[in-house]
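# Residue-level structure breakdown
Here's the letter readout for the chains.
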Amino acid sequence: MSRVKTSARCRLLGLGALAALPTLGCDAGAVGVDTCLQIESARCEAAARCGDRFDVDSVAACKRFYKDQCLHGMAIHDEPGVPTVKACVQTIEGLRDCARKDGPKAARAKCAAVVSQDEDHDLVCDFVEQPELLDACAFLMPPADSGSAGAAGSAGSAGDAGSAGAAGSAGSAGSG
């Protein structure tokens, strides 16, 4: 691809919804591009097994979409390393296999691939949607803000009760 085309591609990517993130080929700061591609490819395949929960009519189209989206990198500071990424991808592939075998409502208890400290989610497809909840994919959790948290605000005080209205004065009798 020529420099002119690359430059035009960078401008187009900069206009996308993820414009605040760095873009591969435009900024050397994109982290986790290959990691993103591997994980999203596995998620596309697994999501296709989750029925109507995800809008994945074509695994190939899903992968093409994430091929572009992953150019922005991931919200991680450092690459997690090949063994870590491989373990995450294999876990997501295990989710896919469970959903293929038991259907879109496959229970996590029946799927050995679901190893998670999270107890709020009961379905295999919950973890396809949020792989960061899996122990093998915990590195996907966005890093905590390094700044200090501000103090919590205090609740407002209750308002005063309104006073009763004054009684009206009696009218005077007319003369007549």
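We now turn to the structure provided with this report.

### What about helix α4 (residues 82-102)?
The terminal C-alpha atoms of α4, which comprises 21 residues, lie 30 Å apart, in line with the 30 Å expected from a rise of 1.5 Å per residue. The complete set of buried residues in α4 reads V85, C88, V89, T91, I92, G94, L95, R96, C98 and A99. Along its buried surface, α4 packs onto α2 (33-47) and α5 (124-129). Looking one or two residues beyond α4, the residue adopting positive phi is G103, at roughly 90°.

### Focus on α2
Over its 15 residues, α2 runs 20 Å from end to end, which matches the ideal 21 Å to within 8%, given 1.5 Å per residue. Among the residues of α2, those classed as buried are V33, T35, C36, I39, E40, A42, R43, C44, A46 and A47. Buried residues along α2 sit against α3 (59-69), α4 and α5.

### Some thoughts on the pattern of salt bridges
Inspection of every chain in the model, using the stated rule, returns 8 salt bridges. The salt bridge involving R96 is made with D97; its shortest N-O contact spans 3.0 Å. Using a relative accessible area of 35% as the deciding quantity, one classes D97 as partly exposed. In this structure, D97 and R100 form a salt bridge, with 3.8 Å as the shortest nitrogen-oxygen distance. Note that D97 and R100 are positioned in helix α4 at a spacing of 3 residues, about one turn of the helix. Connected via shared salt-bridge partners are E45, K63, R96, D97 and R100.

### Observations regarding the packing of aromatic side chains
Under the definition given, this model contains 1 aromatic pair. Each ring, one from F65 and one from Y66, has its centre 4.9 Å from the other, and the planes form 85°; the classification is edge-to-face.

### A few points about the packing of α2 against α3
Two numbers describe how α2 lies on α3: the axes approach to 9 Å, and their chain directions differ by 155°. One element, α2, and the other, α3, form an angle in the roughly antiparallel class. Here the hand of the crossing between α2 and α3 comes out right-handed. Where α2 approaches α3, its residues L37, E40, S41, C44 and E45 are matched on the opposing element by V59, C62, K63, Y66 and K67.

### Digging into the packing of α2 against α4
Running from N to C, α2 and α4 cross one another at 10°; their axes reach a closest spacing of 8 Å. In terms of orientation, α2 and α4 fall into the roughly parallel class. Between α2, through T35, Q38, I39, A42, R43, E45 and A46, and α4, the contact on the second element is made entirely by V85, C88, V89, I92, E93 and R96. Tallied by class, residues from the contact of α2 with α4 come to 7 nonpolar, 2 polar and 4 charged.

Conventions and cut-offs
- Residues numbered from 1 in each chain as written.
- Predicted model: local features only at pLDDT ≥ 70, side-chain atom pairs only at ≥ 80, totals over all residues.
- Heavy atoms only, no water.
- Helix = DSSP H or I, 4+ residues; strand = E, 2+ residues; numbered from the N terminus.
- Expected span 1.5 Å × (residues − 1).
- Buried < 20%, exposed > 50% of the residue type's maximum accessible area, 1.4 Å probe, protein only.
- Contact = heavy atoms within 4.5 Å.
- Salt bridge = Lys/Arg side-chain N within 4 Å of Asp/Glu carboxyl O.
- Phe/Tyr/Trp six-rings, centres within 6.5 Å; stacked < 30°, edge-to-face > 60°.
- Axes fitted to C-alpha atoms, helices over the stretch in contact; angles between N-to-C directions.
- Parallel < 35°, antiparallel > 145°, perpendicular 65-115°, else oblique.
- Left-handed = near helix turned anticlockwise from the far one by under 90°.
- Nonpolar A, V, L, I, M, F, W, Y, C, P; charged D, E, K, R; others polar.

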